[in-house]
Amino acid sequence: MCFIQKQLCLNKRTYIFLDEIQRVEAFEKVVDSLFLKENVDIYITVSDTYLLSGDLVTLLSGRYIEITLLPLSFKEVVEAQKPENLDQAFLNYMRNGGFPYLATVNKTSEKAPDYLEGILNTVVVKDIEERQNRKNNDGNQRKTTDAALLLTIARYLASVVGSPVSAKKVTDTLISSGRKISPNTVSDYMEALSEAFIFYKADRFDVVGKQLLKVNAKWYLVDLGLRTVMLPRKNYDLGFSIENIVYLELLRRRYRVYIGKLGNTEIDFVAQKQDIITYIQVTANMTAEETFNREMKPLQNIQDNYEKIVLTLDRFTPGNYNGIKVVNVIDWLLEESNA
């Protein structure tokens, strides 16, 4: 604190940047005291949401703005790399993700997997371990101390991106593989992965009843590059990979994103910004008649006039079909956002 005070500029605005401040003991009081000073603008970075529910938020209630940062979007990677072939660039983006460093290195080199492995180990093991240490003094918090179990659950969630999942379903899978564990424990570990911004949970939304549902949420990975090192294999479900990318892009564009339920059918995303809703379906290819009808039907059954879009990787079906827009997903990702 004494060091910071010496850096303050009298009669001028001082900008203070505090990175991973949760690692400093009693940091909340230091930040609060700085807020009381004139001409001080403070920026704080944290790597888990547990801090945002603790003493700091209580002290700064009503005096801060939270900004969530994500890895680079596909548009940002394209602007950085200026690739000649956008389709190949998109395939690379699905494989390597959008962490900023990777936008500057040769994707054919061995740097990408080593770098992603380092991020995985740092965040899943080190950061969550530190998060647990901060919780140890809170008797109301359950513990997440088994790093191997945490990584196992992370790998499972990465393998079912785009599919409904629950703590019970994860528990049953682990039990079938010979591990004794309870749904409450699994739920704690899933919460830890969410608080560390590794996975994002998308709840289901009843389109007719206009209410959130408590079961069968979907979990999306913050960056598909992490899946590459968690589940090293050559092929993934293309549709679910695109769905993961679209979900994160909607978050970047400041939408609140849900999974839509309409009777017995599902709408991939119900994206809400203020009072405006956009319904979005995501599919790798719409050229087959069966796929075309399957993706269009849920949108056709919606009885309101909000915008309805199907995002697809193919370039043969885009157009307007009785008010439902079919758009190439790469073109959509490269659009200017009004967020």
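In what follows, the structure referred to is the one given above.
Calculation notes
Residues numbered from 1 in each chain as written. Predicted model: local features only at pLDDT ≥ 70, side-chain atom pairs only at ≥ 80, totals over all residues. Heavy atoms only, no water. 1 Å grid on protein atoms, 1.4 Å probe; cavity = no way out; pocket = protein on both sides within 12 Å on 5 of 7 lines; lining within 4 Å. Points joined across faces, edges and corners; volume = space filled by probe spheres on them. Nonpolar A, V, L, I, M, F, W, Y, C, P; charged D, E, K, R; others polar. Axes fitted to C-alpha atoms, helices over the stretch in contact; angles between N-to-C directions. Helix = DSSP H or I, 4+ residues; strand = E, 2+ residues; numbered from the N terminus. Parallel < 35°, antiparallel > 145°, perpendicular 65-115°, else oblique. Contact = heavy atoms within 4.5 Å. Buried < 20%, exposed > 50% of the residue type's maximum accessible area, 1.4 Å probe, protein only. Arc of directions from axis to C-beta. Pairing = 2+ DSSP bridges. Phe/Tyr/Trp six-rings, centres within 6.5 Å; stacked < 30°, edge-to-face > 60°.

Caption draft 1: Representation of the layout of surface pockets within the structure. Its boundaries defined by the atoms lining it, the second largest pocket holds a volume of some 570 Å³. Considering the residues around the second largest pocket, the lining is formed by 27 residues, among which Thr68, Leu70, Leu251, Arg252 and Arg254 are closest to the centre. The residue makeup of the lining of the second largest pocket, split by class, is 11 nonpolar, five polar and 11 charged.

Caption draft 2: Representation of the packing of helix 5 (residues 86-96) against helix 11 (residues 238-252) in the model. Following both chains from N to C, one finds helix 5 and helix 11 inclined at 85°, their axes separated by 11 Å at the closest point. The orientation of helix 5 relative to helix 11 falls into the category roughly perpendicular. Every residue of helix 11 that contacts helix 5 at Phe90, Tyr93 and Met94 is listed here: Leu238, Ser241, Ile242, Ile245 and Arg252. Looking at the contact of helix 5 with helix 11 residue by residue, the class counts come to six nonpolar, one polar and one charged.

Caption draft 3: Expanded view of helix 8 (residues 167-176). Buried within helix 8 are the following residues: Ala167, Val170, Thr171 and Leu174. Within helix 8, the buried residues cover an arc of 100° as seen down the axis, which keeps them to one side. Exposed residues pointing more than 90 degrees away from the buried face of helix 8 are listed as Lys168 and Ser176.

Caption draft 4: Spatial organisation of the sheet that holds strand 7 (residues 276-283). If you trace the eight strands from one edge of the open sheet to the other, you get 4-3-5-6-7-8-10-9, paired in mixed fashion. The open sheet is flanked by strand 4 (211-221) and strand 9 (319-321), the only strands paired with a single partner. With strand direction ignored, the average angle separating the axes of adjacent strands in the sheet is 30°. In this sheet, strand 10 (residues 324-328) lies alongside strand 9 in antiparallel orientation, the contact comprising three bridges. Residue pairing for strand 10: Gly319 is matched across the bridge by Val326.

Caption draft 5: Geometry of the pairing of strand 3 (residues 199-206). When you tally the buried positions in strand 3, you get six out of eight residues, the bulk of the element. When strand 3 meets strand 4, the two strands line up antiparallel, connected through seven bridges. Along strand 4, the bridge assignment pairs Arg204 with Leu213. Bridging between strand 3 and strand 5 (residues 256-262) involves three bridges; their strand directions are parallel. Bridging across to strand 5, Asp206 finds its partner in Lys261.

Caption draft 6: Summary view of the packing of aromatic side chains. Across all of its chains, the model carries 10 aromatic pairs by this definition. Measuring from centroid to centroid gives 5.4 Å for Phe74 and Phe90, while their planes differ by 90°, and the two rings are edge-to-face. Taken as a pair, Phe74 in helix 4 (residues 74-81) and Phe90 in helix 5 lie far apart in primary sequence, 16 residues in all. In this structure, Phe74 and Phe90 share a single accessibility class: buried. Ring plane angle 20° and centroid distance 4.5 Å describe the contact between Tyr220 and Tyr247, whose orientation is recorded as stacked. Residue Tyr220 is located in strand 4, and its partner Tyr247 is located in helix 11; the two are separated by 27 residues in the primary sequence. Of the two residues examined, Tyr220 and Tyr247, each falls in the buried class.

Note that all results are geometric; they support no functional claim without further evidence.
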